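One-letter residues, chain by chain:
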Amino acid sequence: SKRVAVLTSGGDAPGMNACIRAIVIACETKGYTLIGYLHGYNGLLNQEYETLSLNATHNLIQQGGTILHSARCEAFKSHQGAKDAAKNLQALGIDTLIVIGGDGSFKGAQHLSTCWDGQILGIPGTIDNDVAGCDATVGYYTAIDTAVSSIDKVRDTADAFERIFLVEVMGRHAGFLALNAALASAADYVIVPERFDNEQQELERIINQIEARRKLKGPVSFIVVVAENVWPGGLNTLAERLSSHMQSEVRPVTLGHVQRGGSPVSQDRLLATKLGTYAVGLVGTEKTLIMIGEVDHHPVEVPLKETWAYTKPLDECSVETMLATMNQRY
Ligand code: ATP
């Protein structure tokens, strides 16, 4: 019978628990032993783990965060780190390691393979959706929802005072979350790294739109969604520049880590459950160093190396729709 290990690594994301639950159940059904390493790759280095059985799955699908905890781990990146991790996996007789995380975590898995010849499977879990080869990562849909409900609230107060607000949304170096949160909350403007021209041009466009709107309607609220890490100098710099042009206050709001929390929405639960189950179905096959993802609602197997080899483009249809609708709030 196979011995399987699972860990969650990198930024935590809603739905990681749903994925762990699916893996536990699939392993039980197949008669595999399953252990969960704690704190990402730190658990591998410190041989810190727990045995996972059906007891762990009660009410797990709806829980945010990850019961295995997540972490970043510098020490693992060295050759010695991979060697130590391999030794620990061998000591426990692990046949297959399943890594739930982002592309950084997949690089870590590839790195481990230089010292360990067991089977390695990846499942994309990050709110940023910045993993190539799959349509969506586990956690992404929930994060959109969280950002949207926050932006809706900002809109209420912005409307009341006819204020300009800048709302910073997470995403690391990708604009998926910002773009789709902006679209779903009918934000007035969005700034994403994939479409960032330069500061002056973006600023002019925002100012022109606000002025056009004011001419037509008088004082109005205006919400700009800004992806993190895109505006040089950060959100406050943009707020200051905009407010000096507009001669009115501009309020910056950073949504921050609330976007990583919360009970996963159904889409994330479904994705996590399908991918977890599918991954366990591959245990014991020749397939290794692949990510299990979904494209067009079908499972796909993607070599881990391809998940970071190219940058996943923004969903073009969302871009076009945003451009077509962001000027229509009259
Ligand atoms: P997110 O994008 O949501 O933060 P991630 O998986 O991309 O998730 P990272 O912090 O980039 O998060 O990576 C997680 C861990 O994976 C790192 O702390 C490190 O232990 C390991 N890792 C990342 N890159 C490498 C690498 N090039 N070589 C070896 N290990 C790596």
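Going along each chain's sequence as written, the residues are numbered from 1 onward. Residues qualify for local features only when their pLDDT is at least 70, as the model is predicted, and side-chain atom pairs are given and counted only at 80 or more; totals for whole chains, interfaces and linings, by contrast, use all residues.

The name given to the protein chain in an unreviewed UniProt entry is 6-phosphofructokinase, with Alteromonas profundi as the source organism. Check the Sequence similarities (unreviewed entry) section of the UniProt entry for the protein chain; it says "Belongs to the phosphofructokinase type A (PFKA) family." UniProt positions are given in the numbering used here, feature names are shortened, and annotations may be inferred rather than shown by experiment.

Trainee: Outline the site of the ligand, supporting the account with residue identities and numerical values.
Mentor: The rule is simple: place the C-beta atom from the backbone, and if it lies within 6 Å of a molecule or strand, the residue is near it. Around the ligand, the structure places 19 residues, and the nearest of them are Gly10, Gly11, Gly102, Gly104 and Gly108. Every helix listed is a DSSP run of H or I at least four residues long, and every strand listed is a run of E at least two residues long, numbered separately from the N terminus. Here the shell around the ligand gets six residues from one element, more than from any other, and that element is helix α4 (residues 103-112). Three categories are distinguished: nonpolar for Ala, Val, Leu, Ile, Met, Phe, Trp, Tyr, Cys and Pro, charged for Asp, Glu, Lys and Arg, and polar for the others, with Gly belonging to the last. Here the shell around the ligand is built from residues that sort into three nonpolar, 10 polar and six charged.

Trainee: Provide a residue-level description of the pairing of strand β4 (residues 96-101), including the pertinent values.
Mentor: Here exposure depends only on C-beta density: within 10 Å of a residue's C-beta, 20 or more other C-beta atoms make it buried, 12 or fewer make it exposed, and intermediate numbers make it partly exposed, the C-beta atoms being placed from the backbone. Counting buried residues along β4, six of its six residues qualify, which places the element largely inside the surrounding structure. Residues Thr96, Ile98 and Ile100 point to one face of β4 and Leu97, Val99 and Gly101 to the other, with burial holding for every one of them. Clockwise travel from the first strand over the helix to the second, with the strands pointing away from the viewer, marks a crossover as right-handed. What joins β4 to strand β5 (residues 119-124) is α4, and the crossover it makes is right-handed.

Trainee: Can you explain the UniProt feature "domain: Phosphofructokinase" (unreviewed entry) in the protein chain? Please cite residues and give values.
Mentor: UniProt's feature table lists "domain: Phosphofructokinase" (unreviewed entry) at residues 3-282, given in the numbering used throughout. In residues 3-282, the share of helix is 44% and the share of strand is 16%. The end C-alpha atoms are 13 Å apart.

Trainee: Requested: an account of the sheet that holds strand β7 (residues 189-191), with residues and values cited.
Mentor: Neighbouring strands of a sheet are bound in pairs by backbone hydrogen bonds; such pairs are parallel or else antiparallel. Pairing between strands is defined by DSSP: at least two bridges between them are needed. Read across the open sheet, the four strands follow the order β7-β8-β6-β9; overall the sheet is parallel. Of all the strands in the sheet, just β7 and β9 (250-254) have a single pairing partner and so form its edges. For this sheet, the mean inter-axis angle between neighbouring strands, taken without regard to orientation, is 20 degrees. Note that strand β6 (residues 164-169) and strand β8 (residues 222-227) share six bridges and pair parallel. Bridge assignment links Val169 to a residue of β8, and that residue is Ala227. This entry defines residue contacts through backbone-placed C-beta atoms, with two residues in contact when those atoms are within 7 Å. For helices, the fitted axis covers only the stretch in contact; all axes are lines through C-alpha atoms, and the angles between them, taken along N-to-C directions, range from 0 to 180 degrees. Relative to β9, helix α8 (residues 235-246) is tilted by about 165 degrees, and along the sheet it contacts β6, β8 and β9.

Trainee: A description of the environment of Ala272 should follow, citing residues and the corresponding values.
Mentor: Among the secondary structure elements, Ala272 is positioned in helix α9 (residues 266-281). Accessibility expressed as a C-beta count within 10 Å gives 30 for Ala272, which makes it buried. As for Ala272 and Asn17, which are separated by 255 residues in sequence, their C-alpha atoms are 8.3 Å apart.

Trainee: Tell me about the nonpolar core, and please be specific about residues and values.
Mentor: Formed by 95 residues in total, the largest nonpolar core has its most connected members in Cys19, Ile23, Val167, Ala178, Val225 and Val226. With sequence-adjacent residues up to four places away left out, Val225 is seen in contact with Ile151, Val167, Val169, Ala178, Ala181, Ala182, Ala187 and Val190. Throughout this description, the term nonpolar core refers to a group of buried Ala, Val, Leu, Ile, Met, Phe, Trp, Tyr and Cys residues whose C-beta atoms join them within 7 Å.

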